[in-house]
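# Residue-level structural notes
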Amino acid sequence: MLCITAVTAFAGIAQAHDGGWDDGGCGRQQHKHVGKLFGKLGLTDAQKAQAKAIFQGNRDVVKPIVANLRTERKNLEALLHADSIDEAAIRAETAKIAGIQADLNINKAKVGARFRAILTPDQLAKLKALYQKHSETTDK
């Protein structure tokens, strides 16, 4: 099920966390799950190359956004653990984080649309079915 999340959440975002397809760690794990999904969808070599290009091309877009998100989360943690509570600062920092997450979600939707555009109608139906199954499993 994680492989479905990897592509529906899209590897480009996950790649930005650790630098890409071949960096090790989380990036390598995401690559493995994406590869399994590609197999389940029956992607051709040409489609795999297109998908990889989509995700790798997105890495440079997402990497600074994720870095900014990490920084803002650290700032929020510092505020949450401060000796005195500054409610206005916590709200402001939380709003910054929400804006960054919105940017990531918009990017995810755009990358997802680009990925789905390379699929055949049958592959798209398979992806939707896998996503539906995943949604039902996580809702339990």
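Source: prediction; values computed, not measured. (Residues numbered from 1 in each chain as written. Predicted model: local features only at pLDDT ≥ 70, side-chain atom pairs only at ≥ 80, totals over all residues. Heavy atoms only, no water.)

Contact geometry of helix α4 (residues 45–80) with helix α5 (residues 87–117) gives a least axis separation of 9 Å together with a crossing angle of 170°. The orientation of α4 relative to α5 falls into the category roughly antiparallel. Where α4 crosses over α5, the handedness of that crossing is left-handed. Grouping the constituent residues of the contact of α4 with α5 by class yields 18 nonpolar, 6 polar and 5 charged. (Axes fitted to C-alpha atoms, helices over the stretch in contact; angles between N-to-C directions. Helix = DSSP H or I, 4+ residues; strand = E, 2+ residues; numbered from the N terminus. Parallel < 35°, antiparallel > 145°, perpendicular 65-115°, else oblique. Left-handed = near helix turned anticlockwise from the far one by under 90°. Nonpolar A, V, L, I, M, F, W, Y, C, P; charged D, E, K, R; others polar.)

On to a positive patch on the surface, then. On the surface, K32, K36, K40 and K133 cluster together into a patch of positive charge. If one sorts the elements of the positive patch by residue count, helix α3 (residues 25–41) sits on top with 3 residues. Structurally, the position occupied by K32 is in helix α3. By relative accessible area, K32 is classed as partly exposed at 45%. (Patch = residues over 30% accessible without salt bridge, like charges linked within 9 Å, V, L, I, M, F, W, Y side chains within 5 Å. Areas by Shrake-Rupley, 256 points an atom, 1.4 Å probe, with all protein chains shown as cover. Salt bridge = Lys/Arg side-chain N within 4 Å of Asp/Glu carboxyl O. Lys, Arg positive; Asp, Glu negative; His and termini not counted. Charge placed at Lys NZ, Arg CZ, Asp CG, Glu CD. Buried < 20%, exposed > 50% of the residue type's maximum accessible area, 1.4 Å probe, protein only.)

A few words on the packing of aromatic side chains. On inspection of all chains with the given rule, the structure shows 2 aromatic pairs. Considering the side-chain rings of F38 and F115, the 6.0 Å spacing of their centres and the 15° angle between planes classify their relative orientation as stacked. You can see F38 sitting in helix α3 and its partner F115 sitting in helix α5, a full 77 residues away along the chain. You can call F38 buried: its relative accessible area is 6%. (Phe/Tyr/Trp six-rings, centres within 6.5 Å; stacked < 30°, edge-to-face > 60°.)

Turning our attention to the nonpolar core. F38, L41, F55, F115 and L119 are the most contacted members of the largest nonpolar core, which has 14 residues in total. The next biggest cluster of nonpolar side chains, apart from the first, holds 8 residues, and it includes V62, V66, I90 and L104. (Core = buried A, V, L, I, M, F, W, Y, C linked by side-chain atoms within 4.5 Å.)

Bringing the environment of V66 into the picture now. Tracing the backbone through its elements, the reader meets V66 in helix α4. Residue V66 is classed as buried on the basis of its relative accessible area, which comes to 2%. Residues V66 and D103, 37 residues apart in the sequence, show an inter-C-alpha distance of 9.9 Å.

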